[in-house]
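Tertiary structure, described
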Amino acid sequence: MIVRSLVWLLIACCAAIAARAQSPESYRGLLTARVRSDKLPASDRLKKYVDNGKLRLSLRDAILLTLEANSNIQIEETQIETSKFNLLSSFQPFDPLLTSNFTVARSSTPTSSQLQGVGQTSSSTLNVLNHNAAINYSQLFSTGTIVSAGILGSRSSTNNGFLFLNPFYSTGLNLQFTQPLLRNFGRSANTAQIRIARRGLAESRSVFAAEVNDAIQQVIIVYWSAVQSRGALDVQQRALKLAETSFNRNKRSLELGALPPLDISRSESEVAARRVELIQAQQFSQQAEEALRLTIGADQDPMLKAISIELTESAQPSGDLENVDSDHVLATALSLRPEVSAAKDALAIDETGIRFARNQLKPDLSLNGQYASNGIGGNQYDLVTGQLTSQGGLGSSFGQLFGFGFPTYQGSLTLNFPLRNRGAQSRLGNALVNRTRDLYNSRQTEEVITRQVRDAVNQLNAAKLSLAAANTSVDLAKKFLLAEQRKVEIGDEDDFFVLDAQTRLAAAETSQLTAQITYQLAVAAIRHATGDLLTPYQMQIEAASK
């Protein structure tokens, strides 16, 4: 009775441990609708920004559209999906295995002995029909324990007259466990690959966040480039309009006889030159707009390929110019940049790999235990009279089996002690080399971030000075143009100085626009260097990498 209770308790414990050892991740839970589909998802987000036949976009709108529809970002995101299924694969050694077998065999053999129980002539035949069935369950647990439980049964019928059970039913129950005591002992060794896969998934998310940080900076550059090209186009349009105004005034003076015919060619040539510059500015603006379209995925919708884009951001900075402290920015960058998190995850993977490799250097010492029970049953005959004395079958065999009256016990210790284990030593050496490499990578990452922060701070300071100088230059160029126009009106100077002043004003306005865009990009560079570009869009990034 005690043995029976222990056997059933062992079976219950195996079932409980098996349920606990299951992975919280599942194939269906990790398989997203986008991955399951054989087509790319359609997006109608762009249509929400269409207003009066134009695609109106702020900088934030362009970033959100890029995060959702940009093909490069979506391709990088698939690395997270791969890491998820790598994590699922790391649970494979702990998957329970159920095997079953059913065999039917019939044999007929000639006899050569009276003891075969089928007669005394050489023409007698021994016929045997066997049915064998077996079911076995095996499971590896996080402690390194391997448990297997199997039950088998067989039915054999024959024309051998010496068997007092015919047909003959045999059943068996086998419980076995193997527990490593040195190598592969404990959760640390057996779940190492799971921890590595989890860290790998975290690292892939950090790498993806870093790539998104770069992608956001890139769309900011593309957006402000489009704003700058349109601003430059406006400057050239105003310059052409001023040149045309001067030309028309000179033309009227020529008609009134107040201007020699040769003097009008100067203003006419200036109009022609500025028209060329306007055409070039239009081309640059179109190229910048096409780059923005590609970045936000506007070309993916055939209905929106030809629609014009209206950019709502102004290059002119609003409010006070930003002031930053270099040390504070660097400290923020080293705490927020996803590259730092990725480097820490890589080092954590290395430490786990080193501990596992050292475990594999230990001798393989295992404790093995086995318990078996047997039962038989069948129709029983009197070998003297040949009469059936009692009926039995598979049920009586199982009754004897689970009565545990015929047990078998076995225990053993197995030691495999390699005199040299170069394979394990090689794996440990590679793990140590990987850690050294990742330590250098981590330091290099911090060096790159430090350089980016310093460059961004210097860029911002220089952009502020350039912006102030450009604003002053525009104000002076406007005053100079007004002064030259008055001199022409009162006859003190000819039109040459007015055209020169117009050219200076156009150049000053172009420099001002460049300084404004440079300042906007410098602010973005500061936020990119600190990882702060990700903060407003963290929800979208987490949803993408969930």
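Values in this document were obtained by computation on a predicted structure and should not be read as measured data.

1. So, the overall build of the protein
When helices and strands are counted, the protein shows 14 helices and 10 strands. Each of the 546 residues in the protein was classed as buried or not, and the buried ones make up 38%. In the protein, the share of contacts with a sequence separation of at least 24, taken over all contacts with a separation of at least 6, comes to 79%. As displayed, the protein offers around 31,200 Å² of accessible surface, 56% of which is attributable to carbon and sulfur atoms.

2. Considerations on the packing of helix H9 (residues 326-336) against helix H12 (residues 422-490)
Two elements in contact, H9 and H12, have axes separated by 10 Å at closest approach and are oriented at 140°. Relative to H12, the crossing made by H9 is right-handed. Here Ser326, Val329, Leu330, Ala333 and Leu334 of H9 come into contact with H12, specifically with Glu446, Ile449, Thr450, Val453 and Val457. A breakdown of the residues in the contact of H9 with H12 according to their chemical character gives 7 nonpolar, 2 polar and 1 charged.

3. Describing the side chain of serine 246
If you trace the backbone, serine 246 turns up in helix H7 (residues 192-255). One polar contact links serine 246 to glutamine 502, side chain to side chain, over a distance of 2.9 Å.

4. Here's the deal with the pattern of salt bridges
In this structure the tally under the stated criterion is 15 salt bridges. Measuring nitrogen to oxygen at the nearest pair gives 3.3 Å for the salt bridge that ties glutamate 289 to arginine 293. Taken together, the residues span about one helical turn, with glutamate 289 and arginine 293 both in helix H8 (residues 264-296) at a distance of 4 residues. Just as glutamate 289 is buried, arginine 293 falls in that class too.

5. Description of the layout of surface pockets
The volume enclosed by the largest pocket comes to roughly 610 Å³. Lining the largest pocket are 20 residues, and of these Leu40, Pro41, Glu68, Gln74 and Gln300 sit closest to its centre. Every element with two or more residues in the lining of the largest pocket is listed here: helix H3 (33-36), helix H4 (59-69) and helix H5 (71-90). Tallied by class, the residues present in the lining of the largest pocket amount to 9 nonpolar, 6 polar and 5 charged.

6. Focus: the packing of aromatic side chains
The tally for this structure, following the rule as stated, stands at 6 aromatic pairs. When the ring of tyrosine 371 is compared with that of tyrosine 409, the centres are 5.3 Å apart and the planes differ by 55°; the resulting orientation is tilted. Separated by 38 residues along the polypeptide, tyrosine 371 in strand E8 (residues 364-381) and tyrosine 409 in strand E10 (residues 407-416) bring together distant segments of the chain. The exposure class assigned to tyrosine 409 is exposed, which follows from its relative accessible area of 55%. Each ring, one from phenylalanine 398 and one from phenylalanine 402, has its centre 6.2 Å from the other, and the planes form 15°; the classification is stacked. A relative accessible area of 29% means that phenylalanine 402 is categorised as partly exposed. Here the aromatic cluster, defined as three or more aromatic residues joined through ring pairs, consists of Tyr371, Phe398, Phe402, Phe404 and Tyr409.

7. Observations regarding the side chain of aspartate 345
On the secondary structure map, aspartate 345 appears in helix H10 (residues 338-359). At 3.5 Å, the side chain of aspartate 345 forms a polar contact with the backbone nitrogen of glutamate 203.

8. A short note on the packing of H4 against H5
At a minimum axis distance of 6 Å, the contact between H4 and H5 shows a crossing angle of 50°. Between H4 and H5, the angle is such that the two are oblique. Every residue of H5 that contacts H4 at Thr66, Leu67, Glu68 and Ala69 is listed here: Ser71, Ile73 and Gln74. In the contact of H4 with H5, the residues fall into 3 nonpolar, 3 polar and 1 charged.

9. Examining the confidence of the model for the protein
For the protein, the mean per-residue pLDDT works out to 85, and 87% of the residues sit at or above 70. Within the protein, the element-level pLDDT minimum falls on helix H1 (residues 2-20), averaging 46, and the maximum on H10, averaging 95. For residues 1-10, every residue scores under 50 in pLDDT, and the model assigns this stretch 12 contacts once sequence neighbours within four places are set aside. Contacts for the low-pLDDT stretch residues 16-23, under 50 throughout, to residues beyond four places or in other chains number 7 contacts.

10. Structural notes on a nonpolar patch on the surface
Residues Phe177, Leu181, Leu182, Leu367 and Leu413 make up a contiguous nonpolar surface patch of about 400 Å² in total accessible area. As for its position among the elements, leucine 181 is in the loop between strand E6 (165-180) and helix H6 (186-190).

11. Some details on the pairing of strand E5 (residues 146-158)
Pairing between strand E4 (residues 125-140) and E5: 13 bridges, direction antiparallel. From the neighbouring strand, alanine 133 faces E5, where its bridge partner is glycine 153. Here E4 folds back onto E5, and the loop between the two strands holds 5 residues, one of which, glycine 144, carries a positive phi near 95°. Inspection of the sheet shows E5 paired to E6 by 11 bridges, in the antiparallel sense. What sits directly across from glycine 153, in E6, is threonine 171.

12. Things to note about the sheet that holds strand E1 (residues 50-51)
Strand order across the open sheet formed by 3 strands is E1-E2-E7, with mixed pairing between neighbours. Taken across any chain shown, the strands that pair with only one partner, and hence form the sheet edges, are E1 and strand E7 (308-311). Relative to strand E2 (residues 54-57), E1 is paired through 2 bridges, and the arrangement is antiparallel. Among the inter-strand pairings, aspartate 51 is bridged to a residue of E2, identified as lysine 54.

13. Considering the nonpolar core
Ile216, Ile220 and Ile296 are the most contacted members of the largest nonpolar core, which has 44 residues in total. Going through the elements one at a time, E2, H4, H5, H7, H8, E7 and helix H13 (495-530) are the ones with two or more residues in this core. No other element matches the 14 residues that H7 contributes to this core.

14. What to know about unusual backbone geometry
For asparagine 184, which is not a glycine, the phi torsion comes out positive at approximately 65°. Relative to the helices and strands, asparagine 184 resides in the loop between E6 and H6. Note on asparagine 184: relative accessible area 26%, which makes it partly exposed. The backbone of phenylalanine 404 sits at a positive phi, close to 55°, despite the residue not being glycine.

Rules of the game
Residues numbered from 1 in each chain as written. Predicted model: local features only at pLDDT ≥ 70, side-chain atom pairs only at ≥ 80, totals over all residues. Heavy atoms only, no water. Helix = DSSP H or I, 4+ residues; strand = E, 2+ residues; numbered from the N terminus. Buried < 20%, exposed > 50% of the residue type's maximum accessible area, 1.4 Å probe, protein only. Contact = heavy atoms within 4.5 Å. Areas by Shrake-Rupley, 256 points an atom, 1.4 Å probe, with all protein chains shown as cover. Axes fitted to C-alpha atoms, helices over the stretch in contact; angles between N-to-C directions. Left-handed = near helix turned anticlockwise from the far one by under 90°. Nonpolar A, V, L, I, M, F, W, Y, C, P; charged D, E, K, R; others polar. Polar contact = N/O pair within 3.5 Å; in protein donor to acceptor, adjacent residues only side chain to side chain. Salt bridge = Lys/Arg side-chain N within 4 Å of Asp/Glu carboxyl O. 1 Å grid on protein atoms, 1.4 Å probe; cavity = no way out; pocket = protein on both sides within 12 Å on 5 of 7 lines; lining within 4 Å. Points joined across faces, edges and corners; volume = space filled by probe spheres on them. Phe/Tyr/Trp six-rings, centres within 6.5 Å; stacked < 30°, edge-to-face > 60°. Parallel < 35°, antiparallel > 145°, perpendicular 65-115°, else oblique. pLDDT = per-residue confidence, 0-100. Patch = residues over 30% accessible without salt bridge, like charges linked within 9 Å, V, L, I, M, F, W, Y side chains within 5 Å. Pairing = 2+ DSSP bridges. Core = buried A, V, L, I, M, F, W, Y, C linked by side-chain atoms within 4.5 Å.

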